[in-house]
Amino acid sequence: MNESDIRKYAMLMKELELTGLEITENNQVVRLERNAPVPAPAPVAALAEPVPESADGISVTSPIVGLFYAAPAENAEPYVSLGDRVKKGQTLCIVEAMKLMNEITAEFDGVVEKICVANGQMVEYGTELFRIKR
């Protein structure tokens, strides 16, 4: 087996994302190996950006564009419901962006006064998700 054949097989491995390949040709065995691709890092919890407080409470807005999910799974209980008391750092919802689930957390303690979007709704950057009263 010559160098150009080995290079051809190496390119094929890269294209097909293979980590190993063994070729037997004319009683010669060539084994090619490469490191496995490193998985993408887990998403970091996105912090919602609160808007200045008004008489109606503080507006929690989406820091990213994506799909709003009120619960961790389809048939699960929502993270928060109307009237729930939340603590700073508590997960309020998930916004899915490019197949990454980004937890939106509370920036302060308070009570959920309004849930502004429906489960599964597309949200834009700055879309009001919740209204929380301190």
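My aim in this report is to walk through the structure given alongside it, one point at a time. (Residues numbered from 1 in each chain as written. Predicted model: local features only at pLDDT ≥ 70, side-chain atom pairs only at ≥ 80, totals over all residues. Heavy atoms only, no water.)

With respect to the helices, strands and loops of the structure, I104 is situated in strand β9 (residues 100–105). Taking the relative accessible area as the measure of exposure, I104 reaches 0% and is therefore buried. I104 sits 14 residues away from Q90 along the chain, and the two C-alpha atoms are 8.4 Å apart. (Helix = DSSP H or I, 4+ residues; strand = E, 2+ residues; numbered from the N terminus. Buried < 20%, exposed > 50% of the residue type's maximum accessible area, 1.4 Å probe, protein only.)

Using the criterion set out here, one finds three salt bridges in the structure. Across the pair E3 and R7 runs a salt bridge whose closest N-O atoms are separated by 2.8 Å. With E3 and R7 both in helix α1 (residues 3–16) and four residues apart, this pair spans about one turn of that helix. Among the ionic pairs, E128 bridges to R131, the shortest N-O distance being 2.4 Å. Residue class for R131 comes out buried when judged on its relative accessible area of 18%. (Salt bridge = Lys/Arg side-chain N within 4 Å of Asp/Glu carboxyl O.)

Another aspect to go through is a nonpolar patch on the surface. A cluster of nonpolar side chains, contributed by V65, M122 and Y125, occupies part of the molecular surface with about 320 Å² of accessible area. Take V65: it is sitting in the loop between β5 (58–61) and β6 (66–69). (Patch = residues over 30% accessible without salt bridge, like charges linked within 9 Å, V, L, I, M, F, W, Y side chains within 5 Å. Areas by Shrake-Rupley, 256 points an atom, 1.4 Å probe, with all protein chains shown as cover.)

Structurally, the position occupied by T105 is in strand β9. Remark: the alpha-carbon pair of T105 and Q90, spanning 15 residues in sequence, is separated by 5.3 Å.

We now examine the nonpolar core. Formed by 18 residues in total, the largest nonpolar core has its most connected members in F68, V86, L92, L129, F130 and I132. If you list the elements that add at least two residues to this core, you get β5, β8 (91–97) and β12 (128–133). Here F68 is in contact with C93, I94, V117, A118, N119, G120, Q121, V123, L129 and F130, once residues within four sequence places are set aside. Counting five residues, the second largest nonpolar core, distinct from the first, contains Y9, M13, I23 and V30. (Core = buried A, V, L, I, M, F, W, Y, C linked by side-chain atoms within 4.5 Å. Contact = heavy atoms within 4.5 Å.)

The backbone of N26 shows a phi angle near 50°, a positive value even though the residue is not glycine. Looking at the secondary structure, you find N26 in the loop between β1 (20–25) and β2 (28–33). Taking the relative accessible area as the measure of exposure, N26 reaches 69% and is therefore exposed. Its identity as a non-glycine residue notwithstanding, K99 has a phi of 70°, on the positive side.

Turning our eyes to something else, we now look at the side chain of E96. Here E96 shows up in strand β8. Of note is the side chain of E96, whose polar atom sits 3.2 Å from the side chain of Y69. Filtering out sequence-adjacent residues up to four positions away, E96 remains in contact with V65, G66, L67, Y69 and M101. (Polar contact = N/O pair within 3.5 Å; in protein donor to acceptor, adjacent residues only side chain to side chain.)

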